[in-house]
Amino acid sequence: MAGGRRLAALLSVFLLLCNPSLAQEDRGLDKASDGRFTGLVVVTDDLDWYDMFARPEVPQFSGKSHFVPGDWGSLAIIFSNAEAIDGQVEIRCDIEAFDPSGSKQVATDHVCYAGPYRGPNILHPTLVDLRFSITVDDPPGPAGFKVTLRDAISDREVALEVGFTQGAKS
């Protein structure tokens, strides 16, 4: 019974997050698909976003588009519909972080998730826990992340980008 509620909750959040109007309204959220393989990235101030997937309640995400000095944020990277072999999937990712000064930090071709596949149309969080903070010394302006997720088995990939503004609100 608990498994059925969990499946329904994950399907509900999948439908909620994949609503195209939501993605268009918020720079802190992006979704893309290559065939059925789907990736979703969210910039959030919920540092415990990963824990939502262990609860029976429907996960609630909200993208955040402005971080002021003293704020902490997290990049949530989520996928669905990867191809499985013997019930296992592997997701590889490239992540580029950029800030207003033009500075970039890049990590390429890393395993973001390797483990059990719970079925079609169910959101799987990757194992990446990328957190950041904004300080008074950080330059104000646009910042964000570019993420490429690759299903290592099907070789499908999606390119995602989320942005936010850092610095004091005007």
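Position numbers for residues start from 1 in each chain and track the written sequence from start to end. Predicted model: local features are reported for residues with pLDDT of at least 70 only, side-chain atom pairs are reported and counted for 80 or more only, and whole-chain, interface and lining totals are derived from all residues. Side-chain measures were taken over the full set of non-hydrogen atoms in the model, leaving aside hydrogen atoms and water.

**Q** Quick question: what am I supposed to make of the overall build of the protein chain here?
**A** Secondary structure elements are defined from DSSP: runs of H or I of at least 4 residues count as helices, runs of E of at least 2 residues count as strands, and each element is numbered from the N terminus. On a plain count of helices and strands, the protein chain comes out with two helices and 10 strands. Buried positions account for 41% of the 170 residues belonging to the protein chain. The contact criterion used throughout is that any non-hydrogen atoms of two residues lie within 4.5 Å. Long-range pairs, those at least 24 residues apart, make up 69% of the contacts in the protein chain between residues at least 6 apart in sequence. Note on areas: Shrake-Rupley with a 1.4 Å probe; residue coverage comes only from the protein chains shown. When the accessible surface of the protein chain is totalled, it reaches about 8,600 Å², and 51% of it is carbon and sulfur. Burial classes follow relative accessibility: with a 1.4 Å probe on protein chains only, a residue under 20% of its type's maximum area counts as buried, one over 50% as exposed, and anything between as partly exposed.

**Q** What am I meant to see in the state of the cysteines here?
**A** By definition, a disulfide links the sulfur atoms of two cysteine residues through a covalent bond. Disulfides are defined as pairs of cysteine sulfur atoms found within 2.5 Å of each other. Throughout the structure, instances matching the rule amount to one disulfide. For Cys93, the disulfide goes to Cys112, at an S-S distance of 1.6 Å. Remark: Cys112 occurs in strand 6 (residues 104–116) and Cys93 occurs in strand 5 (residues 88–98); sequence separation between them is 19 residues. Take Cys93 and Cys112: they sit in the same class, and that class is buried.

**Q** Sorry if this is basic, but what is going on with the nonpolar core here?
**A** For soluble globular proteins, the rule of thumb is that nonpolar side chains tend to be buried together. Grouped together as the largest cluster of nonpolar side chains are 26 residues, with contacts concentrated most on Leu75, Phe145 and Leu149. Note on terminology: a nonpolar core comprises buried Ala, Val, Leu, Ile, Met, Phe, Trp, Tyr and Cys residues joined through side-chain atoms within 4.5 Å. Listed in part, the 10 residues of the second largest apolar core include Leu40, Phe53, Ala76 and Ile78.

**Q** Where do I start with the pairing of strand 6 in this structure?
**A** Being paired, for any two strands, means DSSP has found at least two bridges between them. Where strand 5 and strand 6 come together, 10 bridges link them in antiparallel fashion. Its bridge partner being in strand 6, Phe98 is matched across the sheet by Lys104. The hairpin formed by strand 5 and strand 6 contains five residues between the paired strands, and Gly102 there has a positive phi angle of roughly 95°.

**Q** Would you take a moment to explain the sheet that holds strand 9 (residues 141–151) for this structure?
**A** Paired through backbone hydrogen bonds, the strands of a sheet run either parallel or antiparallel to each other. In spatial order, the strands read 3-10-9-5-6; together these five strands make up an open sheet with mixed pairing. Each having just a single partner strand, strand 3 (66–67) and strand 6 make up the two edges of the open sheet.

**Q** Before we go on, may I ask you to explain the pairing of strand 1 (residues 29–34) in this structure?
**A** Along a regular strand, successive side chains alternate from one face of the sheet to the other. Relative to strand 2 (residues 37–44), strand 1 runs antiparallel, the two sharing six bridges. Directly across from Leu29, in strand 2, lies its bridge partner Val42. Two successive antiparallel strands, strand 1 and strand 2, enclose a turn made up of two residues, where Gly35 displays a positive phi of approximately 65°.

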